Structures are given as structure tokens and as C-alpha cells.
There are 2 protein chains.
Amino acid sequence: MVASEFVSELRQRYGIEFNNLAVLDEAFTHSSYVNEHRELGLSDNERLEFLGDAVMELTVSDYLYKKYPDLPEGKLTRMRAAIVQTKSFSSFSKEAHFDQYIKLGKGEENAGARKRLTLLEDLFEAFNGALYLDQGRGAVIKFAEQVIFPKIDAGEFSTDTDHKTALQEFVQQSGEVTINYRLLGEDGPAHAREFHVDVEVDGKVLGHGLGTNKKAAEQAAAKAALAQLESK
Amino acid sequence: MVASEFVSELRQRYGIEFNNLAVLDEAFTHSSYVNEHRELGLSDNERLEFLGDAVMELTVSDYLYKKYPDLPEGKLTRMRAAIVQTKSFSSFSKEAHFDQYIKLGKGEENAGARKRLTLLEDLFEAFNGALYLDQGRGAVIKFAEQVIFPKIDAGEFSTDTDHKTALQEFVQQSGEVTINYRLLGEDGPAHAREFHVDVEVDGKVLGHGLGTNKKAAEQAAAKAALAQLESK
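Please read these numbers as outputs of a predicted model, since none were measured by experiment.

**Student:** Would you mind going over the relation of the copies chain A and chain B in detail, with residue names and values included?
**Tutor:** Under the fitted operation, chain A is carried onto chain B by 0.1 Å of movement along the axis and a turn of 180°, and the coordinates agree to an RMSD of 0.1 Å. Such a combination of rotation and displacement between the chain copies is what one expects of a two-fold axis. With an isologous cut-off of 70% or more, the 100% of interface residues of chain A that recur at the interface of chain B puts this contact in the isologous class.

**Student:** Explain the sheet that holds strand β3 (residues 204-211) of chain B to me, and be specific about the residues and the numbers.
**Tutor:** Residues and elements named next belong to chain B. Reading across the sheet, the three strands line up as β1-β2-β3 and stay open at both edges, with antiparallel pairing between neighbours. At either margin of the open sheet sits one strand with a lone partner, and together these are β1 (179-187) and β3. Put simply, the sheet's adjacent strands are angled 20° from each other on average, direction ignored. Judged from the eight bridges that link them, β1 and strand β2 (residues 194-201) form a sheet pairing that is antiparallel. Bridging across to β2, Asn180 finds its partner in Glu200. Helix α11 (residues 163-171) contacts β1 and β2 of the sheet and is inclined by roughly 145° relative to β1. Here helix α12 (residues 214-230) sits on the sheet and contacts β1, β2 and β3; the angle it forms with β3, its principal contact strand, is near 135°.

**Student:** For the domain arrangement of chain A, give the residues involved together with the corresponding values.
**Tutor:** Each domain of chain A was delimited in the assignment, giving domain 1 (4-153) and domain 2 (163-230). A C-alpha centroid distance of 40 Å is found between domain 1 of chain A and domain 2 of chain A.

**Student:** So, unusual backbone geometry: which residues are in play, and what are the values?
**Tutor:** Its identity as a non-glycine residue notwithstanding, A:His97 has a phi of 65°, on the positive side. Mapped onto the fold, A:His97 is located in the loop between α6 (86-95) and α7 (106-110). Positive phi is not limited to glycine here, since B:Asp202 has a value of about 50°. Along the chain, B:Asp202 turns up in the loop between β2 and β3.

**Student:** Go over the packing of aromatic side chains with me, naming the residues and quoting the values.
**Tutor:** Residues and elements named next belong to chain A. Tallying each qualifying case throughout the model produces 34 aromatic pairs over all chains. On the basis of an interplanar angle of 20° and a centroid distance of 6.4 Å, the ring pair of Phe98 and Phe143 is categorised as stacked. You can see Phe98 sitting in the loop between α6 and α7 and its partner Phe143 sitting in helix α9 (residues 137-147), a full 45 residues away along the chain. You'll find Phe98 and Phe143 in the same group, each marked buried.

**Student:** So what about the UniProt feature "active site" (unreviewed entry) in chain A? Which residues, and what values?
**Tutor:** The UniProt record annotates "active site" (unreviewed entry) at A:Asp53 and A:Glu125. These annotated residues cover 73 residues of sequence, and their C-alpha atoms lie no more than 5.3 Å from one another, placing them together at a single site. Here A:Asp53 lies in helix α4 (residues 46-67). Those residues in contact with A:Asp53 that sit more than four places away from it in its chain are A:Glu125, B:Glu57 and B:Arg80. Tracing the backbone shows A:Glu125 in helix α8 (residues 117-135). The residues contacting A:Glu125, other than those within four sequence positions of it, are A:Leu48, A:Glu49, A:Gly52, A:Asp53 and A:Phe89.

**Student:** Explain the pattern of salt bridges residue by residue, including any values.
**Tutor:** Residue and element names in this part refer to chain B. Applying the stated criterion across every chain, the model contains 27 salt bridges over all chains. Between Glu218 and Lys164 there is a salt bridge, and its shortest N-O distance comes to 2.6 Å. One end of the pair, Glu218, is in helix α12; the other, Lys164, is in helix α11, with 54 residues separating them in the sequence. According to the relative accessible area criterion, Lys164 is partly exposed, its value standing at 26%.

**Student:** Requested: an account of the UniProt feature "domain: DRBM" (unreviewed entry) in chain A, with residues and values cited.
**Tutor:** According to UniProt, the feature "domain: DRBM" (unreviewed entry) maps to residues 162-231 of chain A in the numbering used here. Here residues 162-231 of chain A is 37% helix and 36% strand, with 19 Å between the C-alpha atoms at its ends.

**Student:** Break down the interface of chain A and chain B for me, citing the residues and quoting the values.
**Tutor:** Taken residue by residue, the interface counts 28 residues in chain A and 28 residues in chain B. In this assembly, chain A packs against chain B so that about 2,400 Å² is buried in total across both faces, 63% of it on carbon and sulfur atoms. Sorting the residues of chain A by area buried against chain B places A:Arg47, A:Phe50 and A:Tyr65 first, and these three jointly supply 37% of that buried surface. On inspection of chain A and its partner chain B, the count reaches two salt bridges. The shortest N-O distance in the salt bridge between A:Arg80 and B:Asp53 comes to 3.3 Å.

**Student:** Any details on the sheet that holds strand β1 (residues 179-187) of chain A? Residues and values, ideally.
**Tutor:** Residue and element names in this part refer to chain A. One open sheet holds the three strands; their spatial order is β1-β2-β3, and the pairing between them is antiparallel. Of all strands in the sheet, those bounded by a partner on one side alone are β1 and β3 (204-211). The sheet shows a mean angle of 20° between the axes of neighbouring strands, taken without regard to direction. Across the sheet, helix α11 (residues 163-171) touches β1 and β2 (194-201), and the angle it forms with β1 is around 145°. Against the sheet, helix α12 (residues 214-230) touches β1, β2 and β3, its axis set at about 135° to β3.

What counts, and where the lines are drawn
Residues numbered from 1 in each chain as written. Chains lettered and ligands numbered in written order. Predicted model: local features only at pLDDT ≥ 70, side-chain atom pairs only at ≥ 80, totals over all residues. Heavy atoms only, no water. Least-squares fit on C-alpha atoms with pLDDT ≥ 70 in both. Contact = heavy atoms within 4.5 Å. Pairing = 2+ DSSP bridges. Helix = DSSP H or I, 4+ residues; strand = E, 2+ residues; numbered from the N terminus. Axes fitted to C-alpha atoms, helices over the stretch in contact; angles between N-to-C directions. Domains from an automatic or database assignment. Phe/Tyr/Trp six-rings, centres within 6.5 Å; stacked < 30°, edge-to-face > 60°. Buried < 20%, exposed > 50% of the residue type's maximum accessible area, 1.4 Å probe, protein only. UniProt positions renumbered as here; feature names shortened; annotations may be inferred. Salt bridge = Lys/Arg side-chain N within 4 Å of Asp/Glu carboxyl O. Buried area = accessible area lost by both parts, 1.4 Å probe.

Printed below as a string of C-alpha cells:
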């Protein structure tokens, strides 16, 4: 059964108490553990992961839809993709100490599976699948209000850092224009090159950018151009 | 506003009555219509499609999870993929006559967009997004009980037609075995070739199959082998 200190931690940190501890236990049972203990007839967490994946997709989509009533579908989809992905979900798992409590087979333990990002992502989905089964979608939303939504509000998954796209969208509101990024040169030592880029909109230089590579310098130039345009 | 005969049809066929007809109207407004009527300041159905996509993912996942308590995650995922896809969703759209009521711009209308499968898929998602917003997930489930779940129950999305995988899973329960498909020959006229295939499991012929191509013949052979094994 799932460790009692984990049960306490879930209650104290998140106010979560499972009615059915067996489903919580299943969420924290990796297939490698099941395979090494066939005599126990356990279920691994993969079915819960299947369910939890869809639960989280809706939880995040619903939040974004309502929080950003003016964002077009394309931006919502990009934001959702930035949230519902291995890097984010695995970090939520670690933050909630889920990695400490998953039951692994010895082989997988020795292979370092406990730190594997896809395993932690699956675990986060399985936990939410279990929470959904045990207490319904309201409980999942409450949990997300603690571990996901504040990060969305803080702009952690903002795709607005794509300044080049933002600049293009901004200037093309008033019809077709030509945007051109011009590499002016690079300097600095080999291990710390600095690239200089100008961005021209219909032939007029609107911004200058610096970056450790050409792409970063173009983003910086686009950002500068946007700042200038938006201050008008 | 959305056609009154559509409002009646939704009520009569599915028992659905929207509280807020504006959200139903939005679900049936294609971006091409918005673009051709900018003076009306309409919203297209793309944001609702974003939401409805996630709503349907969970609706289908939840149903499969509970209906098939013994299916492993891999099979659930394959079944979900067979349901949540353009071909299926567009056919649900047509069955519910959604294609008759979407508002299109003239250009898209003339280009045949009303019959475009991806448009009909998006429309099905947008409708369910609107229903979810207007009345919650219970109403979406009730609608799915009429248009999707009976088809799942009837086996329309069954992935069990992959007899080769099923045979492999069956025989490998008792350890590693070698499965070999042997093309015996082909006959028939060019426009109606018939292929003959034997399947051998650990060197022993367990089934014979016929098909219009090699792959179909292999599937038929696997099915025959499975039938023989399961009758033992």
C-alpha cells in the first residue's frame, strides 16, 4: 500500500484525502514493479495514465478558454501544448514529491527510472486520473489551482516570447508588409559570440537586437521593434 | 441567429435545448462567414472547437476506461484514436445534420467546404464545446450516449480486426515463439487477384488465409489460427 507519509503529505500540502486508497496505490505502481512481483497480482498505473491524460487536457483547456476570452484558437492551442507536455508535467510531479513514492522494479530503479521525465509525466497523469475517479473533476481542478494555474497566471507558459511572430502579426494588421532581418555582424570570443541583427519593416529599420546566436538576436530585434511600435 | 428548424431538431432528436442560443450560433459560424461579414463583428467557432476537442477526448476516454476494465492501456489508446478522429467525428456531424446548418462564406461554400471532413470534425467539436459551456459535461455525455457510445458498443471502432497482433499476444503468453507468414501463391485475374498465405507458429501451420492483397491474406490466416487456438 501507498506510504502513510505520502498520504499525510497529500492532506497537509494539498488538502487531498482519497476515499479509496487502492486507486491511489495503483497510480504509484509502475509496470516494472508489477512485473517483478507477479505473485501479488497488482495493476500498474498505465490505465490511470490513459484516463488522466484526457482529464488534464480538459482541465487545462477549460482554464485557458475562460481565462483568455480574447485569445484566438491558435494561441490557446500553443499555450496548451506548452503546458500539457513532458517537461511541465514532470516538473509538477517532482514539485509534489511524486517521484519519491512511485514503486519501481529493481531493474528500472537501477536504470535511473525514478528521474526519467516521461515516467514522471505519466505519474502526474495517473495521479490525476486516480483523483478524478475517486472524487470527480472538481477535485482535479482544485489540485490544478495549486500546482498548475498559478504558473499559467505567472506567464510561465506564455508563448509571447516569440517576438518575431508577434511583430509579424502586429504589422500585418494594416496589410501586407515585408519584414527583413539583417545580420550586421558578430563579435566576442569563440565561446561567447555576440550576434548583431537589425529588423527592417518595409525597408525601414525598426529595431536592433543582440544575442548569443542569430535566432536569439532576431528575437531581440523583433522585441525592440514591437516596443517602439507599441509606444506610438 | 441559428435556424429555428435546427433548434427544433436538436430538441426533438436529442432532447437538447440551449439556454444561451448565442453560444450555439457561434459553434455554427465558420471563420469564412465571419471574414465576409466583418461589419457584424461575429466570432467564429474555432475557440469552441479548441474546448470541444478536449471535452470529447475526456468523454470518450472516461467511457472506454469504465466499459473495458480489463483492457490494457495500449488497446484503450488505439480505440480512442479510432474514435477521436476526422473520419468518425465528421460522420457524427453529418448524422446529426450539422452540415446543413453551418454558416459559411460564399467562397468556401463554392469550394465545397460544407462537405469537407475536417470542417465537419471541427464542427462536431465546436458543438460539444458549446454544449459543455451551456450545460456542463453531463449534457455532453447524454449526447454521446446517443451518437457515439452505441457505436462503440456495436464494435464499430474495435481494433480487434488486427488479428496478427492478437495472435502474437495470444501465443506469446506462454513464452517466446516464432510466427511466420508464408505466401503460398496468388491466382485470379489481374483486377481480382487472390493471395494465399499460411501462418506457422514455431514451424507448425496453424491457419490458412485468403485476401485481395498479401496483408489481408495474412490477417485472415492469423484470424483462422486464433480461432483454432481458442477452440482448444
